[in-house]
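This is what each chain is made of:
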Amino acid sequence: MEIGIGLPNAVPGVDGESLVEFARRADRHGFSSLGTIDRLVYSNYEPLAALGAAAAVTERIRLATTVLLTPLRPNAAMLAKEVATLDHLSGGRFVLGVGVGAREDDFTAGGVSFKTRGKVLDRQLEEMKRVWSGEERGHAGAIGPRPIGGPEVLVGGGVDASVERAAKYGAGWIFSGGPPEYFAQAAAKVDAAWGRAGRDGKPRKAALGYFALGPNAAADTEAWVKSYYAWLGEFTDAIAAFVAKTPEQVQDRVQAFADVGCDELIMFPSSKDPEQVDMLADAVLPARV
């Protein structure tokens, strides 16, 4: 199983210097991917912009939206161009993870229908694939640039519609977070949908996890969870408890996801401190499974 790390683009107080250094260290240590979290009504850095900064200071690590709330960006042709540009800037290292999102306030603020977001995403995926194929649109020909790396598309979400969408449009699926046993249940549905869609091979399956290491692990977790998940009220305590806060807990989490067939686990930090990259690498990369 590959092990990726999330950029702190949604950690309270994130700044450009910390984010860029996070990316540099993740690339140097050998993590498989840099992930990003997307929101509108929050003080996070926009994922495509954050990954553009990461592309400039990295050489080998994949750059992934895990996931991008594409219905909030309804101009699919322009989004396809933005994605292809980032794929070019990174030398073909970009992975487009997409999802519909669960926060209605994001859609209200963006002037986009919350109820029809699934249908919008389906139309966007079809349109972006046409753009990336080089379909001509005007006197100058196609909307460019042509992507270098595809890009690989992963569809996020655990509901039946998301699973079917992954089988129809994606190279795989991404689990948005939760215990490994929940991953296993949803992954079985993805495999079944893949077969029904007549797809060859197996879907790539990724998952998100959360960690905080070092002497401030508890405080960092409390600050991040209570900020980002405040809308869930009393459930924030359960989320905070699930964050891995020691090297042993991180190792156990990694092994548990490997045991249920996860292809890549992307661990998101609760702090913007680049030292978190070093501590996570010390905990899991030498004994990667």
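In case you missed it, the structure is sitting above this.
K.L.:
Is there a simple way to explain empty space enclosed by the protein in this structure?
P.N.:
It is a probe the size of a water molecule, rolled over the atoms, that shows where empty space is left. One pass over the structure, following the stated rule, counts 2 cavities of 30 Å³ or more. By volume, the largest cavity amounts to about 70 Å³. Forming the walls of the largest cavity are 14 residues, and the residues nearest its centre are Ser-33, Ala-64, Val-95, Leu-154 and Glu-264. At the level of secondary structure, the elements contributing two or more residues to the lining of the largest cavity comprise strand 3 (62–69), strand 4 (94–99), strand 7 (152–156), strand 9 (204–211) and strand 10 (264–269). Of the residues forming the lining of the largest cavity, the biggest block, 4 residues, is contributed by strand 3. Lining of the second largest cavity is provided by Leu-7, Pro-8, Asn-9, Ala-10, Val-11, Ile-37, Trp-224, Phe-268 and Pro-269. A class-by-class count of the residues in the lining of the second largest cavity yields 8 nonpolar, 1 polar and no charged.

K.L.:
I keep staring at the packing of helix 1 (residues 16–29) against helix 2 (residues 47–57) and nothing clicks. Help me out?
P.N.:
Two packed helices can be described by the angle between their axes and the distance between those axes. Viewed as axis vectors pointing N to C, helix 1 and helix 2 meet at an angle of 50 degrees, and their least axial separation amounts to 9 Å. By the angle between their directions, the pair helix 1 and helix 2 is classed as oblique. As for how helix 1 packs across helix 2, the hand of that crossing is right-handed. Facing Leu-19, Val-20, Ala-23 and Arg-24 of helix 1, the residues of helix 2 in contact are Ala-50, Ala-53, Ala-54 and Val-57. Among the residues forming the contact of helix 1 with helix 2, the class breakdown is 7 nonpolar, no polar and 1 charged.

K.L.:
Please explain the sheet that holds strand 2 (residues 33–35) as it appears in this structure.
P.N.:
Hydrogen bonds along the backbone pair up the strands of a sheet, which may run parallel or antiparallel. Spatial ordering of the closed barrel is given by 1-2-3-4-7-8-9-10, a layout of 8 strands whose pairing is parallel. Mean inter-strand twist for the sheet, computed between neighbouring axes without regard to direction, equals 25 degrees. Both strand 3 and strand 4 contribute to a ladder of 5 bridges, which runs parallel. Along strand 4, the bridge assignment pairs Thr-65 with Leu-96. Where helix 2 meets the sheet, its contacts fall on strand 2, strand 3 and strand 4, and the angle it forms with strand 3 comes to roughly 175 degrees. Against the sheet, helix 6 (residues 160–169) contacts strand 7 and strand 8 (172–175), and its axis sits at roughly 170 degrees relative to strand 7.

K.L.:
For this particular structure, what's the right way to read the pattern of salt bridges?
P.N.:
This model, assessed by the stated rule, comprises 23 salt bridges. In this structure, the salt-bridge partner of Asp-27 is Arg-60, at a minimum N-O distance of 3.6 Å. One end of the pair, Asp-27, is in helix 1; the other, Arg-60, is in the loop between helix 2 and strand 3, with 33 residues separating them in the sequence. For Asp-27, a relative accessible area of 10% puts it in the buried group. For Lys-205, the salt bridge identified is with Asp-191, shortest N-O distance 2.9 Å. Here Lys-205 is found in strand 9, whereas its partner Asp-191 is found in helix 7 (residues 180–196), with 14 residues between them in sequence. The class for Lys-205 is buried, based on a relative accessible area of 8%. The class of Asp-191 is partly exposed, set by a relative accessible area of 36%. Taken together, the salt bridges that share partners define one network made up of Glu-21, Arg-24, Arg-25, Glu-275 and Asp-278.

K.L.:
Whenever I open this one, unusual backbone geometry confuses me. Can you help?
P.N.:
Among all residues except glycine, the phi angle is most often negative; among peptide bonds, the trans geometry is most common. Each neighbour pair has its own omega, and for Gly-144 with Pro-145 the value is 5 degrees, a cis peptide bond. Note that the residue after Gly-150, namely Pro-151, is joined by a cis bond; omega there is -15 degrees.

K.L.:
How should the layout of surface pockets be read in this particular structure?
P.N.:
Of the volumes computed, that of the largest pocket is approximately 1,100 Å³. Lining the largest pocket are 37 residues; nearest its centre among them are Ala-102, Ser-176, Gly-177, Tyr-229 and Trp-231. Of all the secondary structure elements, the ones that give two or more residues to the lining of the largest pocket are strand 3, helix 5 (117–132), helix 6, strand 8, strand 9 and helix 9 (236–242). Residues belonging to the lining of the largest pocket are distributed by class as follows: 20 nonpolar, 11 polar and 6 charged.

K.L.:
Explanation requested: the pairing of strand 4 in the structure shown.
P.N.:
Looking along a regular strand, one sees side chains alternate from face to face of the sheet. With respect to burial, strand 4 is a largely interior element, 6 of its 6 residues being buried. Residues Phe-94, Leu-96 and Val-98 point to one face of strand 4 and Val-95, Gly-97 and Gly-99 to the other, with burial holding for every one of them. Handedness of the crossover joining strand 3 and strand 4 through helix 3 (residues 76–89) is recorded here as right-handed. In the sheet, strand 4 pairs with strand 7 via 4 bridges, with the strands oriented parallel. What sits directly across from Leu-96, in strand 7, is Val-153.

K.L.:
Honestly, helix 10 (residues 247–259) in this entry has me stumped. Any pointers?
P.N.:
Because an α-helix completes one turn every 3.6 residues, residues spaced three or four positions apart along the sequence face the same direction. Compared with the 18 Å implied by 1.5 Å per residue over 13 residues, the 18 Å span of helix 10 between its first and last C-alpha is a close match. When we look at burial in helix 10, the residues that qualify are Val-250, Arg-253, Val-254 and Phe-257. Buried residues in helix 10, looked at end-on, bunch into an arc of 95 degrees, giving them a common side. Relative to its buried face, helix 10 has exposed residues pointing more than 90 degrees away, namely Asp-252 and Asp-259. Once helix 10 ends, the next one or two residues include Gly-261, with phi positive near 90 degrees.

About the thresholds
- Residues numbered from 1 in each chain as written.
- Predicted model: local features only at pLDDT ≥ 70, side-chain atom pairs only at ≥ 80, totals over all residues.
- Heavy atoms only, no water.
- 1 Å grid on protein atoms, 1.4 Å probe; cavity = no way out; pocket = protein on both sides within 12 Å on 5 of 7 lines; lining within 4 Å.
- Points joined across faces, edges and corners; volume = space filled by probe spheres on them.
- Helix = DSSP H or I, 4+ residues; strand = E, 2+ residues; numbered from the N terminus.
- Nonpolar A, V, L, I, M, F, W, Y, C, P; charged D, E, K, R; others polar.
- Axes fitted to C-alpha atoms, helices over the stretch in contact; angles between N-to-C directions.
- Parallel < 35°, antiparallel > 145°, perpendicular 65-115°, else oblique.
- Left-handed = near helix turned anticlockwise from the far one by under 90°.
- Contact = heavy atoms within 4.5 Å.
- Pairing = 2+ DSSP bridges.
- Salt bridge = Lys/Arg side-chain N within 4 Å of Asp/Glu carboxyl O.
- Buried < 20%, exposed > 50% of the residue type's maximum accessible area, 1.4 Å probe, protein only.
- Right-handed = clockwise from strand over helix to strand, strands pointing away.
- Expected span 1.5 Å × (residues − 1).
- Arc of directions from axis to C-beta.

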